[in-house]
Amino acid sequence: MTVHGQGSPDVALAGEVDLADGGPRWSAGWSAPVQRPSSGFEENWSEAGFDQQSVRQVVRVTRSGTQVRIRLSNRFGTAPLTVNAATVALAGEGPALQPGTVRELTFAGAPSVVIPAGAEIAGDAVDLAVERLASVTVTLYFAHPTGPSTFHAQAYTDSYRASGDRTVDVDGTSFQERTHSWYYLSDVELAGGEEAPHGTVVALGDSITDGFGSTVGANRRYPDALAERLAAEGSPWAVVNAGIGGNLVLNDSLWYGERAVARFERDVLDRPGVRSVIVFAGLNDIGFSEVDLPTYKPAPDVSVADLTAGYRDMIKRAQERGIKVVGATILPFKGAEYHTPRAEAKRVALNDWIRSSGEYDAVADFATALADAEDPELLDTAYDSGDHKHPNDAGYRVMAEAVDLGTL
């Protein structure tokens, strides 16, 4: 087990696997950026936290493996977090588990763990054969009040809650409450299997990357579709989604997470085995200042020069690590609440820079792929979820198809 402290060196504890000792070589299977507790877009459990309750969370991994471990984050906690029990299993229907696949998790050999405020931990490995694009379920039990919970607001799948320790319950019938968020769980990592351990593509962005407008529980976000494309092509690379709804490139938000340039290290560069990142962000920086809504804060007037400086910062840091950077053009959003002539002019200028500056290793032209044939300021109605800025399932698939796999 490893404890990672916020702003402090990593502390290796007993049970940490190291390549020099012949241990597994871990790869990202699934990941979600964590956020501070907030009321978010819909009802969730982050501000109330948990007490004598089990939380069951379903995620889909994008590579195969024969061993599994999880990472839990208390990054935004104000007190130590005790996890009293945890399991991982292959997912069944809803909150049910596939019989015979439940594995009790340990942390440095112990069935429970205390995670310091501001820290995250990696648990011990367990043997579990997981196929690519399979769903796994992680269940956590909290015997005592957790306080407000570090979480990821928009999961686009169901998570479940039950009273008492239900970590090994297979049928899932005790899990009667549900939400569309993930709590404390930040990563599922895999070792073994046939895929190359260093071949992860990270999709960095805001709500369009996170998947707003996609069908809940169907894995139809653009990173999901990209992972399916890679699997169909026989490519061994995994895809992890580092989108946060409402996220900004240059400013932190209580609702929408740390700014992209600040979380880039943790959510992209520190993921195991990263080979490339798709940077698709900036729409909210352009739009928030155009309307006066209490949730669209902070909302400074961000210039094109400010945004390109932020892009350059992320490009430089990634390329210094040998990571390819793909720049994605900002989608049309005419008809959305913050579309104005000034905002449109910024979008056009930014997209021109993304396409022609030569700063990126490659470009994914999402804007051209989804634009209306008669009006390039509009999303094609066939791809519009209804709010004129977020794609629907079909639009997200077209975005994935616009990525040149040879550039990843």
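Predicted model only: the values in this text are computed from it and were never measured.

Draft legend 1. Structural context of the overall build of the chain. Assigned secondary structure in the chain consists of 8 helices and 22 strands. Along the first, second and third principal axes, the C-alpha atoms of the chain reach 60 × 45 × 40 Å. Counting all 408 residues of the chain, 58% fall into the buried class. Sequence-distant contacts, at least 24 apart, represent 81% of the contacts inside the chain between residues at least 6 apart. Only carbon and sulfur atoms are counted for the fraction: they give 49% of the accessible area of the chain, which is about 15,200 Å². If the 34 positive side-chain charges of the chain are averaged to one point and the 56 negative ones to another, these points end up 2 Å apart.

Draft legend 2. Inspection of the packing of aromatic side chains at higher detail. Summed over all chains, the structure comprises 19 aromatic pairs. Measuring from ring centre to ring centre gives 5.3 Å for Tyr 222 and Phe 366, while their planes differ by 70°; the resulting arrangement is edge-to-face. With a gap of 144 residues between them, Tyr 222 in helix α2 (residues 222-232) and Phe 366 in helix α7 (residues 366-370) connect regions that are remote in the sequence. Each member of the pair, Tyr 222 as well as Phe 366, carries the same accessibility label: buried. The interplanar angle of 55° and the centroid separation of 6.5 Å between the aromatic rings of Tyr 311 and Tyr 360 together place this pair among those described as tilted. Remark: Tyr 360 occurs in the loop between α6 (341-356) and β22 (362-364) and Tyr 311 occurs in helix α5 (residues 304-320); sequence separation between them is 49 residues. Assigned by exposure class, Tyr 311 and Tyr 360 land together as buried.

Draft legend 3. Spotlight on the sheet that holds strand β21 (residues 324-328). The strand order across the open sheet built from 5 strands is β19-β18-β20-β21-β22, with neighbouring strands paired in parallel fashion. Both outer strands of the open sheet, β19 (238-243) and β22, are each paired with one neighbouring strand and no more. Ignoring strand direction, the axes of neighbouring strands in this sheet form an average angle of 25°. Summarising the sheet, strand β18 (residues 200-205) and β19 pair through 6 bridges and their orientation is parallel. Pairing of Gly 205 across the sheet is with Gly 243, part of β19. In this fold helix α3 (residues 260-269) packs onto β18, β19 and β20 (274-280), with an angle of close to 160° to the strand it touches most, β18.

Draft legend 4. Molecular detail of α5. Relative to the 24 Å expected for 17 residues at 1.5 Å per residue, α5 spans 24 Å between its end C-alpha atoms, a close match to the ideal helical length. Every buried residue of α5 is accounted for by Leu 307, Thr 308, Gly 310, Tyr 311, Met 314, Ile 315, Arg 317 and Ala 318. Those residues of α5 that are buried lie in contact with β18, α3, β20, α4 (283-287), β21 and α6. Directly after α5, the chain includes Gly 322, whose backbone phi takes a positive value near 75°.

Draft legend 5. Main features of the side chain of Arg 266. Note on placement: Arg 266 falls in helix α3. A polar contact of 3.0 Å, which involves the side chain of Arg 266, links it to the side chain of Glu 258. Filtering out sequence-adjacent residues up to four positions away, Arg 266 remains in contact with Val 34, Arg 75, Glu 258 and Arg 271.

Draft legend 6. Here's a closer look at the pattern of salt bridges. Going through the model one piece at a time under the given rule, you end up with 31 salt bridges. For Arg 161, the salt bridge is made with Glu 177, and the minimal N-O distance between the two is 2.8 Å. One end of the pair, Arg 161, is in strand β14 (residues 159-163); the other, Glu 177, is in strand β15 (residues 177-179), and 16 residues separate them in sequence. Of the residues examined, Arg 161 reaches a relative accessible area of 11% and is grouped as buried. Judged by relative accessible area, Glu 177 falls into the partly exposed class, the value being 36%. One salt bridge in this structure joins Arg 317 and Asp 313, with 2.7 Å as the shortest N-O distance. Taken together, the positions of Arg 317 and Asp 313, both in helix α5 and 4 residues apart, correspond to about one turn of that helix. For Asp 313, a relative accessible area of 32% gives the class partly exposed.

Draft legend 7. Representation of the environment of Val 277 within the structure. Assignment of secondary structure puts Val 277 in strand β20. Along the backbone, Val 277 and Ile 323 are 46 residues apart, and their C-alpha atoms lie at a distance of 7.2 Å. If near-sequence neighbours (up to four positions away) are discounted, Val 277 is found in contact with Val 202, Leu 204, Phe 264, Val 268, Ala 318, Ile 323, Lys 324, Val 325 and Val 326.

Draft legend 8. Focus on the sheet that holds β15. The strand order across the open sheet formed by 6 strands is β8-β7-β12-β4-β14-β15, and the pairing between neighbours is antiparallel. Each having just a single partner strand, β8 (103-104) and β15 make up the two edges of the open sheet. In the sheet, β14 pairs with β15 via 3 bridges, with the strands oriented antiparallel. Residue pairing across strands places Tyr 160 opposite Arg 178, the latter belonging to β15.

Rules used in this analysis
- Residues numbered from 1 in each chain as written.
- Predicted model: local features only at pLDDT ≥ 70, side-chain atom pairs only at ≥ 80, totals over all residues.
- Heavy atoms only, no water.
- Helix = DSSP H or I, 4+ residues; strand = E, 2+ residues; numbered from the N terminus.
- Buried < 20%, exposed > 50% of the residue type's maximum accessible area, 1.4 Å probe, protein only.
- Contact = heavy atoms within 4.5 Å.
- Areas by Shrake-Rupley, 256 points an atom, 1.4 Å probe, with all protein chains shown as cover.
- Lys, Arg positive; Asp, Glu negative; His and termini not counted.
- Charge placed at Lys NZ, Arg CZ, Asp CG, Glu CD.
- Phe/Tyr/Trp six-rings, centres within 6.5 Å; stacked < 30°, edge-to-face > 60°.
- Pairing = 2+ DSSP bridges.
- Axes fitted to C-alpha atoms, helices over the stretch in contact; angles between N-to-C directions.
- Expected span 1.5 Å × (residues − 1).
- Polar contact = N/O pair within 3.5 Å; in protein donor to acceptor, adjacent residues only side chain to side chain.
- Salt bridge = Lys/Arg side-chain N within 4 Å of Asp/Glu carboxyl O.

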